[in-house]
Every structure is written in C-alpha cells, then in structure tokens.
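What follows is the residue order along each chain.
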Amino acid sequence: MTIGRGRPGALELPAEIRLAEVTGSATFLHLLLQGGRHLVAHLPGTQRFTPGETTRAYIDPAHVLVFDKDGRLAGTSTAEVGRHG
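Residue positions are counted from 1 within each chain, in the order its sequence is given. Thresholds applied to this predicted model are a pLDDT of at least 70 for local features of residues and 80 or more for the giving and counting of side-chain atom pairs; totals over whole chains, interfaces and linings are not thresholded and use all residues. In computing side-chain values, all of the structure's heavy atoms are included and hydrogens and water are not.

## Looking at the pairing of strand 4 (residues 38-44)
A pair of strands counts as paired when DSSP detects no fewer than two bridges linking them. In this text, helices come from DSSP runs of H or I with a minimum length of four residues, and strands from runs of E with a minimum of two, each type numbered from the N-terminal end. As paired elements, strand 3 (residues 26-33) and strand 4 share 7 bridges and run antiparallel to each other. Paired with F28 across the strands is H42, a residue of strand 4. Once strand 3 ends, the chain turns through 4 residues before running back antiparallel as strand 4, passing G35 with a positive phi of about 90°.

Written out as structure tokens, the structure is:
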C-alpha cells in the first residue's frame, strides 16, 4: 500500500487519517474510508501523518486480504489460507 501516490492498476481509496502509530521500524496508519469502513495500513519506516488529514490510499489488488466479521479470512479455502499465512 502507498499513501498519496499510486501505481497503475492500484485501487484508489479516499480516506481520513485517524491515527499513526510509529513503532520505529514501521508505521501503522489507521484510516477511515468513505462509507465508514476502517483500514489499517502497515507502512515501512517512520512516517509522519496528521490525524484528521485527508489522503488517498492505493492498494495493489494482488496484496489484499479480506476478513469476515468473525476475523476469518474471507473468500478463500483452508488450503489457500496456508499459502498466505
């Protein structure tokens, strides 16, 4: 995922930055998407973001994992889960 600038073929998601958690080696960026959905982006390195700021998140569809309301990986078989971790 990238923030603010995407690559061809990436999904573009307008978002509001809610929280940026900097761990030293990574930044976990909590985003509020249009429609009230939440997304947490794991970004490499220390990055600065301002809560309340609007941005665009760009996601490569090949790197998306979706979970159902019970926390299970949605839309995959058990065999596929093993390949993705």
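And the narrative resumes.
## Observations regarding the nonpolar core
Soluble globular proteins tend to pack their nonpolar side chains together in the buried interior. The criterion is simple. A nonpolar core is a set of buried Ala, Val, Leu, Ile, Met, Phe, Trp, Tyr and Cys residues joined through side-chain atoms within 4.5 Å. The buried label goes to any residue with under 20% of its type's maximum accessible area, the exposed label to any with over 50%, and the partly exposed label to all in between, with areas taken from a 1.4 Å probe on protein chains only. One finds A15, I17, L29, L31, L33, A41, L43, F49 and A57 forming the largest nonpolar core, which totals 9 residues. Counting only elements with at least two residues in this core, the list comes to strand 2 (11-22), strand 3 and strand 4. It is strand 3 that contributes the most residues to this core, 3 residues altogether.

## Things to note about the sheet that holds strand 3
On the basis of which strands lie adjacent, the open sheet formed by 5 strands has the order 1-5-2-3-4 and antiparallel pairing. Edge strands, defined here as strands with exactly one partner in the open sheet, are strand 1 (2-3) and strand 4.

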